[in-house]
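Summary of structural features
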Amino acid sequence: MTTVEPITSTHPAFDQVAALFDDYRTHYGQPSAPQNTRSWLHEQISQHRLTAAAAIRAEQVSGFITVTIMPASLMLGTAWSIRDLYVTPDHRRTGIANALLQHVIHNAGNAGAHRVSLQTETDNVPALTLYTDIGFQPVTGLELLNLTLNPTRQDPGDTA
């Protein structure tokens, strides 16, 4: 059985989540940096910049999801943005990602959020299929624009 639990920096599974977060970063081409990753994640969660949840199966973290909560100014409410979603390769296509997404959707709804959004690469067909099956819809009429402030650090979203 899989449970989805909110993760704080003091949660017993935090170190497992941090290690998995480092795997996630390397999956997207970043160099492994376990201590830096752990410190960064600890700071983001402790400062309430990110919330995190983990899927736990047989006392092992098999996936995680992170979320930011942002003001939805025009609606005078909030919007939840899924920032990171990762499932270990041996647990993919077992319902873990769906359970993590449903956890966020449920909590956002209970908190009165206006919407939940996420982004992924246009060629990530398995993720896009999962997201649209759940009910996420592509947003048209908007462009995602970035301004890199520190050109010496590689932004995983940079394709130029």
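Structure shown above.
Residue positions are given per chain, counting from 1 as you read along its sequence in written order. It should be noted that, the model being predicted, local features are given only for residues of pLDDT at least 70 and side-chain atom pairs only at 80 or more, the latter also being counted only at that level, while totals for whole chains, interfaces and linings use all residues. Excluding hydrogens and water, the side-chain values take into account all heavy atoms of the structure.

1. Considerations on helix α2 (residues 34–46)
As a reminder of what qualifies: Segments assigned H or I by DSSP are reported as helices when at least four residues long, segments assigned E as strands when at least two residues long, and all are numbered from the N terminus. For a helix, the expected span equals 1.5 Å multiplied by the number of residues minus one. Classification of residues uses two cut-offs on accessible area relative to the type maximum, computed with a 1.4 Å probe and protein chains only: under 20% is buried, over 50% is exposed, and between them is partly exposed. Directions from the helix axis toward the C-beta atoms define the arc. We call two residues in contact when some of their heavy atoms are within 4.5 Å.
Here α2 is 13 residues long and its end C-alpha atoms lie 18 Å apart, about the 18 Å a rise of 1.5 Å per residue gives. Taken together, the buried positions of α2 are occupied by Thr37, Leu41, Gln44 and Ile45. Looking straight down α2, one finds that the buried residues subtend no more than 95° of arc, so they occupy a single side. Exposed positions of α2 whose direction lies more than 90 degrees from the buried face are Gln35 and Asn36. The secondary structure elements touched by the buried residues of α2 are β1 (2–7), α1 (14–27) and β2 (51–57). Residue His48 follows α2 closely and has a positive phi angle near 60°.

2. What to know about the side chain of Thr68
Turning to its location among the elements, Thr68 is positioned in strand β3 (residues 60–72). When sequence neighbours within four positions are dropped, the list of residues in contact with Thr68 reads Arg49, Leu50, Ala79, Trp80, Ser81 and Arg83.

3. Observations regarding the pattern of salt bridges
Put simply, the rule is: Any Lys or Arg side-chain nitrogen found within 4 Å of a carboxyl oxygen on Asp or Glu counts as a salt bridge.
Applying the stated rule across the entire model yields three salt bridges. Ionic pairing is found between Arg38 and Asp15, a salt bridge with its closest N-O pair at 2.6 Å. Residue Arg38 is located in helix α2, and its partner Asp15 is located in helix α1; the two are separated by 23 residues in the primary sequence. Relative accessible area serves as the criterion here: at 29%, Arg38 is assigned to the partly exposed category. Between Arg25 and Asp22 there is a salt bridge, with its nearest N and O atoms 3.6 Å apart. Placement of both Arg25 and Asp22 in helix α1 is noted, with a separation of three residues, approximately one turn of the helix. You can call Arg25 partly exposed: its relative accessible area is 23%.

4. What to know about the sheet that holds strand β4 (residues 77–87)
Let me state the cut-off plainly: Two strands are said to pair when DSSP picks up at least two bridges between them. For every element, the axis is a line fit to its C-alpha atoms; helices are fit only across the contacting stretch, and the angle between N-to-C directions ranges from 0 to 180 degrees.
If you walk across this open sheet you meet the five strands as β1-β2-β3-β4-β5, and the pairing is mixed. The open sheet has two free edges, formed respectively by β1 and β5 (115–117), since each of these has just one partner strand. For this sheet, the mean inter-axis angle between neighbouring strands, taken without regard to orientation, is 25°. Bridging between β4 and β5 involves three bridges; their strand directions are parallel.

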